2 protein chains.
Amino acid sequence: MNGRFVHATDIEREQLDWGGLGWISRPPATGARQLTVLDVSLEPGHGHDFHTHPEQEEVIVVQAGEIEQWLEGEKTVLGPGEAVFIGMGTVHASFNTGDETARLTVALGPCAGEGGYELVDVSGEEPWRSLRSS
Amino acid sequence: MNGRFVHATDIEREQLDWGGLGWISRPPATGARQLTVLDVSLEPGHGHDFHTHPEQEEVIVVQAGEIEQWLEGEKTVLGPGEAVFIGMGTVHASFNTGDETARLTVALGPCAGEGGYELVDVSGEEPWRSLRSS
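Cut-offs applied
Residues numbered from 1 in each chain as written. Chains lettered and ligands numbered in written order. Predicted model: local features only at pLDDT ≥ 70, side-chain atom pairs only at ≥ 80, totals over all residues. Heavy atoms only, no water. Pairing = 2+ DSSP bridges. Helix = DSSP H or I, 4+ residues; strand = E, 2+ residues; numbered from the N terminus. Axes fitted to C-alpha atoms, helices over the stretch in contact; angles between N-to-C directions. Salt bridge = Lys/Arg side-chain N within 4 Å of Asp/Glu carboxyl O. Buried < 20%, exposed > 50% of the residue type's maximum accessible area, 1.4 Å probe, protein only. Contact = heavy atoms within 4.5 Å. Buried area = accessible area lost by both parts, 1.4 Å probe. Polar contact = N/O pair within 3.5 Å; in protein donor to acceptor, adjacent residues only side chain to side chain. Nonpolar A, V, L, I, M, F, W, Y, C, P; charged D, E, K, R; others polar. Phe/Tyr/Trp six-rings, centres within 6.5 Å; stacked < 30°, edge-to-face > 60°. Lys NZ or Arg CZ within 6 Å of the ring centre and 35° of its normal. Core = buried A, V, L, I, M, F, W, Y, C linked by side-chain atoms within 4.5 Å.

**Student:** Any details on the sheet that holds strand S4 (residues 36-42) of chain A? Residues and values, ideally.
**Tutor:** The strand order across the open sheet formed by 7 strands is S2(A)-S3(A)-S4(A)-S11(A)-S6(A)-S9(A)-S1(B), and the pairing between neighbours is antiparallel. Every other strand in the sheet has two partners, leaving strand S2 (12-16) of chain A together with strand S1 (3-6) of chain B as the edge strands with one partner each. With direction set aside, neighbouring strand axes in the sheet form an average angle of 20 degrees. In terms of strand pairing, strand S3 (residues 19-25) of chain A meets S4(A) through 5 bridges, oriented antiparallel. Within the sheet, the bridge partner assigned to A:Trp23 lies in S4(A) and is A:Leu38.

**Student:** Account for the sheet that holds strand S8 (residues 74-78) of chain B, naming residues and giving values.
**Tutor:** Residue and element names in this part refer to chain B. Strand order in the open sheet formed by 5 strands is S8-S7-S10-S5-S12, and the pairing between neighbours is antiparallel. Looking at the sheet topology across the chains shown, the edges are occupied by S8 and strand S12 (120-121). Sheet topology places strand S7 (residues 67-71) next to strand S10 (residues 92-95); 4 bridges connect them, and they run antiparallel. Looking at the pairing, Leu-71 lines up with His-92 of S10.

**Student:** Pulling in residues and values, what's your account of the pattern of salt bridges?
**Tutor:** When the charged atoms of two side chains with opposite charge come close together, those side chains can pair. Summed over all chains, the structure comprises 8 salt bridges over all chains. A:Glu126 is the salt-bridge partner of A:Arg129, the closest N and O atoms lying 3.2 Å from each other. We classify A:Arg129 as exposed; its relative accessible area is 56%. When the shortest N-O distance is used, the salt bridge between B:Arg13 and B:Asp39 registers 3.5 Å. Highlighted residues: B:Arg13 in strand S2 (residues 12-16) and B:Asp39 in strand S4 (residues 36-42), separated in sequence by 26 residues.

**Student:** I'd love a proper account of the interface of chain A and chain B, names of residues and values included.
**Tutor:** At the junction of the two partners, chain A supplies 47 residues and chain B supplies 47 residues. Carbon and sulfur atoms supply 64% of the area buried between chain A and chain B, which totals about 3500 Å² over both sides. Across the contact surface, chain A and chain B share 0 salt bridges. Here chain A and chain B share 22 residue pairs in polar contact (both at pLDDT 80 or more) between them. Broken down by secondary-structure element, the contributors of at least two residues to the side of chain A that touches chain B are strand S1 (3-6), S3, strand S6 (57-64), strand S7 (67-71), strand S8 (74-78), strand S9 (83-86) and strand S11 (102-109) of chain A. A breakdown of the residues in the side of chain A that touches chain B according to their chemical character gives 23 nonpolar, 15 polar and 9 charged. Where S1(A) lies against strand S9 (residues 83-86) of chain B, 4 bridges are found, and the strand directions are antiparallel. By the bridge assignment for S9(B), A:Val6 is matched with B:Ala83.

**Student:** How would you sum up the packing of aromatic side chains? Please name residues and give values.
**Tutor:** Applying the stated criterion across every chain yields a total of 8 aromatic pairs over all chains. Taking 5.7 Å as the distance between ring centres and 70 degrees as the angle between the ring planes, the aromatic pair formed by B:Phe50 and B:Trp70 counts as edge-to-face. With B:Phe50 in strand S5 (residues 47-52) and B:Trp70 in strand S7, this residue pair connects regions lying 20 residues apart in the sequence. Judged on exposure class, the residue B:Phe50 and its partner B:Trp70 are both buried. Of the aromatic side chains, those joined through ring pairs into one cluster are A:Phe50, A:Trp70, A:Phe95 and A:Trp128. Positioned over the ring face of B:Trp23 is B:Arg26, at 3.9 Å from the centre of the ring.

**Student:** Which residues make up unusual backbone geometry, and what values do they have?
**Tutor:** In this structure, B:Pro110 follows B:Gly109 across a cis peptide bond, with omega equal to -10 degrees. Within the secondary structure, B:Pro110 is located in the loop between strand S11 (102-109) and S12. Phi angles above zero are rare outside glycine, and A:Glu72 is one such case at about 45 degrees. Given a relative accessible area of 28%, A:Glu72 falls into the partly exposed group.

**Student:** Mind laying out the nonpolar core, listing which residues take part and the relevant values?
**Tutor:** Counting 24 residues, the largest nonpolar core has A:Ile24, A:Val37, A:Val59, B:Ile24, B:Val37 and B:Val59 as its most contacted members. Elements with a contribution of two residues or more to this core: S6 and S9 of chain A together with strand S6 (57-64) and S9 of chain B. Other than its neighbours up to four places away in sequence, B:Ile24 contacts A:Val59, A:Val61, A:Ala83, B:Val6, B:Ile11, B:Thr30, B:Val37, B:Leu38 and B:Asp39.

**Student:** Please set out the side chain of A:Thr52 residue by residue, giving values where relevant.
**Tutor:** Take A:Thr52: it is sitting in strand S5 (residues 47-52). Among all residues touching A:Thr52, those that are not within four sequence positions of it are A:Gly89, A:Thr90, A:Val91, A:His92, A:Glu118, A:Leu119 and A:Val120.

And the structure:
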């Protein structure tokens, strides 16, 4: 059988400086090749700064709270039930500018690298470094 | 820019005999090639009977309620935050056996066909037809 039930105790959790991750599906956990899926939480005032996934598309679905979502130089506010599609290699960022924890479901495909997820951080480079303050 | 914000009014909604669908990302809506993502709601007593996606992996994440999830001949109950990974071509089904609406976030990859989503219904064939009553 090529499939796997993912119960709460099966989800590996990680705390990063910009939020919490729960790995729902990626190659080491489920054998997936096409889909990396995560729970992400962003605390108020925190965010995932400008980055790209050179070989993966991404969809972020907001489940609770609100995020300021960037796609290259454009931004919008997304609330529960809203989402963003991010093409391969497109620079993007998500910040929680609200006052409650933002909960996101994030899907990337296809799986990249051994862990299913690869990114290039561009937050220290212009124009991304100054974009939010300009 | 290869990306798209998906506000609530951008989501095309469909009512089927087994539940409601909201198309968050698929080729006609977002230009996606790798990710088809849907909101799915299942009312109590209803479900998506046994089927396969011959060319797509799938991850179903339960956001609210509870589902009886099948992977071939095995089943389990999944609650909020729990999930299932379904390999390409693996027969599966989801039924709402609880007493509240089940809300699911569903990701499939890569996109298949023009609409991003293709399935083969096997619910009329044995062993699937008799599996839940046996």
